[in-house]
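# Structure assessment
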Amino acid sequence: MKQPLTEEKVFKDPVHNYIHVQDTIIWRLINTKEFQRLRRIRQLGTSYLTFHGAEHSRFSHSLGVYEITRRIISQFERSGYKDWIPEESLLTLCAALLHDLGHGPFSHSIEEAFEMNHEDWTCRIILEDTEITEILRDVEEDFPRKVASVIAKTYEHEIVVNLVSSPLDADRMDYLLRDAYYTGVNYGTIDIDRILRMLRPYNGRIVVKESGMHAIEDYLMSRYQMYWQVYFHPVTRSSEIILRQIFRRAKELFQEGYNFSFMINPLEDLFRGEVTVKQYLMLDEALVQTAFMQWTLEKDELLSDLCTRFIHRKLYKYVEVENLDTDMISEIRSSFAAAGLHPEYDLEIDFPTDLPYDVFRPGEAFDNKQILLLDRHDHLREISEVSDIVRSISGIHRGRYHLYFPQDKLRNALTRLPASIAEIFAK
């Protein structure tokens, strides 16, 4: 049940103009230490090393997702759509606000390095002994479990999950707009007002009024462009590679019993794989970058070099290769080792792929991977059946192979490499 504030609170926001907080529970959640921690986690990880304006946080994104969800629910309630359940409004708003609560420093990079999942951590923070849990229990004892189940995509009412996690959800709409704004690109400038007006609750899920198809085409094209021009930018990938290698090397040294000149909890427990919720909430980018700065002075030359490169933006260079098979990769690594280079740390092979939209396949039932259009006769059609544009960007899109390497080290070793291998890196 909603608990209206005596006076509406507002946040000034560069993307949505204002973010309106009208419920006491939402206001209290925003002011918890667990949610405030998101101010210290960048939304785009290492992208600030490529796009200098990309310093925005998970905090501002989470508020944006909440605001878009609030606008959608407000529209549904004003219009009196019978397929929307007003009693689910607060649950949906809480899930939208808290959906990224479990992101760690540098987000997806640390997840890959330590085989973690931010959604699992989000659920743990919601369910275990935290300020968040206490506030959610004030709604009802079982409310934390309900919020966690929406984020885990197991909640019984699919329509609630749709608003927080689907091909056309509040999360994606906000990050496209926000990431485009802060990186300075134009690809993510979608017509959000038109999209929100065209959304309808129908038969237990969110669909789009057919006349809104062109706004959805623009949204999907914007997502496609943002992935290839921003999220998969090769310079950003280079910084992510170095970041993962730092975590990998530090973890190796820790497991070997190396005596670090600087170590701080909860990093020790992270390397052990024994992090509690309380320790995880101490992890932010300030702490990690402090460790990296100290590790530039470590006796281990590899860790010191990697941290120096990351802190001072001395990133790996890259070359593009059209085709690369396993035999060629093995030959390159062997040649690197023979030339005195580290075959694992001085070479990283990246092959980005993306699935801009997962089309409906005849004979299958509609699922949460598709965007459905509702025509004037209340018939549903999957958007790629109608749109040539959507069909053209559907399916898996693959980039070219990128070989990343430390240019200064390779330059000194180039003459020791076989001519065929040296030619690849001399481009």
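Residues numbered from 1 in each chain as written. Predicted model: local features only at pLDDT ≥ 70, side-chain atom pairs only at ≥ 80, totals over all residues. Heavy atoms only, no water.

## Focus: the UniProt feature "domain: HD" (unreviewed entry) in the chain
This chain's UniProt record puts "domain: HD" (unreviewed entry) on residues 58-176. Note that residues 58-176 is 66% helix and 0% strand, and that its end C-alpha atoms are spaced 13 Å apart. (UniProt positions renumbered as here; feature names shortened; annotations may be inferred. Helix = DSSP H or I, 4+ residues; strand = E, 2+ residues; numbered from the N terminus.)

## Concerning the layout of surface pockets
Put simply, the second largest pocket is a space of about 240 Å³. In terms of lining, the second largest pocket is formed by 13 residues, of which the most central are Lys33, Glu34, Thr130, Lys278 and Leu281. Put simply, the parts of the chain that give the lining of the second largest pocket at least two residues each are helix 2 (33-36), helix 7 (131-137) and helix 15 (277-280). Tallied by class, residues from the lining of the second largest pocket come to three nonpolar, one polar and nine charged. (1 Å grid on protein atoms, 1.4 Å probe; cavity = no way out; pocket = protein on both sides within 12 Å on 5 of 7 lines; lining within 4 Å. Points joined across faces, edges and corners; volume = space filled by probe spheres on them. Nonpolar A, V, L, I, M, F, W, Y, C, P; charged D, E, K, R; others polar.)

## Here's the deal with the packing of aromatic side chains
Within this structure, the stated rule accounts for 24 aromatic pairs. Measuring from centroid to centroid gives 5.9 Å for Phe76 and Tyr81, while their planes differ by 80°, and the two rings are edge-to-face. A relative accessible area of 1% means that Phe76 is categorised as buried. With centroids separated by 4.8 Å and ring planes inclined at 75°, the aromatic side chains of Tyr227 and Tyr231 adopt a geometry described as edge-to-face. Pair noted here: Tyr227 and Tyr231 are both in helix 12 (residues 213-231), with a separation of four residues, about one helical turn. (Phe/Tyr/Trp six-rings, centres within 6.5 Å; stacked < 30°, edge-to-face > 60°. Buried < 20%, exposed > 50% of the residue type's maximum accessible area, 1.4 Å probe, protein only.)

## Thoughts on the pattern of salt bridges
Inspection of every chain in the model, using the stated rule, returns 30 salt bridges. Between Arg40 and Asp284 there is a salt bridge; the shortest N-O distance is 2.6 Å. Taken together, the residues span a long stretch of sequence, with Arg40 in the loop between helix 2 and helix 3 (58-79) and Asp284 in the loop between helix 15 and helix 16 (285-295) at a distance of 244 residues. In the salt-bridge network here, residues are joined through shared partners; they are Arg248, Arg249, Glu252, Asp300 and Glu344. (Salt bridge = Lys/Arg side-chain N within 4 Å of Asp/Glu carboxyl O.)

## Points about the sheet that holds strand 9 (residues 380-382)
As summarised here, the arrangement of the four strands in space is 3-4-8-9, forming an open sheet in which the pairing is mixed. For this open sheet the edge positions go to strand 3 (199-202) and strand 9, each flanked by a neighbour on one side alone. Averaged over neighbouring strand pairs, the angle between their axes works out to 45° when direction is ignored. (Pairing = 2+ DSSP bridges. Axes fitted to C-alpha atoms, helices over the stretch in contact; angles between N-to-C directions.)

## Quick look at the packing of helix 13 (residues 234-255) against helix 16
Relative to each other, helix 13 and helix 16 sit at 70°, their axes nearing to 12 Å. What the angle tells us is that helix 13 and helix 16 run roughly perpendicular. Between helix 13 and helix 16, the residues in contact are Leu243, Ile246, Phe247 and Ala250 and Val288, Phe292 and Trp295, respectively. The residue makeup of the contact of helix 13 with helix 16, split by class, is seven nonpolar, no polar and no charged. (Parallel < 35°, antiparallel > 145°, perpendicular 65-115°, else oblique. Contact = heavy atoms within 4.5 Å.)

## Quick word on the sheet that holds strand 6 (residues 348-350)
Here we have three strands laid out as an open sheet, ordered 5-11-6, and antiparallel in their pairing. Strand pairing shows two members of the sheet lacking a second neighbour, strand 5 (317-321) and strand 6, which therefore form its edges. In this sheet, adjacent strand axes meet at a mean angle of 25° when their direction is disregarded. Where strand 5 meets strand 11 (residues 401-405), five bridges bridge the pair, whose relative direction is antiparallel. Bridge pairing in strand 11 links Val321 to Tyr401. Helix 13 rests against strand 5, strand 6 and strand 11 of the sheet, and its axis sits at about 55° to strand 11.

## Quick look at the environment of Tyr182
In this structure, Tyr182 sits in helix 10 (residues 170-183). Classification of Tyr182 by relative accessible area gives partly exposed; the value is 24%. Spatially, the C-alpha atoms of Tyr182 and Leu315 are 22 Å apart, while their sequence positions differ by 133 residues. With residues near it in sequence (within four places) discarded, Tyr182 still touches Pro14, Gly53, Ala54 and His56.

## Examining the environment of Ser166
Structurally, Ser166 is set in the loop between helix 9 (158-164) and helix 10. The residues contacting Ser166, other than those within four sequence positions of it, are Arg172 and Asn368. Side-chain polar atoms of Ser166 contact the backbone oxygen of Asn162, separated by 2.8 Å. (Polar contact = N/O pair within 3.5 Å; in protein donor to acceptor, adjacent residues only side chain to side chain.)

## Regarding the nonpolar core
For soluble globular proteins, nonpolar side chains are generally found buried alongside one another. With 117 residues, the main nonpolar core has Leu98, Val147, Met173, Leu199 and Trp295 as its most contacted residues. Leaving out residues up to four positions away in the same chain, Leu98 has contacts with Leu29, Phe35, Thr122, Ile126, Ile132, Leu136, Val147 and Ile151. Formed by 18 residues, the second largest nonpolar core is a distinct cluster that contains Leu324, Leu341, Leu403 and Ala422. (Core = buried A, V, L, I, M, F, W, Y, C linked by side-chain atoms within 4.5 Å.)

## Here's the deal with helix 17 (residues 301-311)
Restricting attention to buried positions, one finds in helix 17 the residues Leu302, Leu303, Ser304, Leu306, Cys307, Arg309 and Phe310. Buried positions along helix 17 lie against helix 13, helix 16 and helix 21 (407-413). The first or second residue beyond helix 17 is Arg313, which carries a positive phi of 55°.

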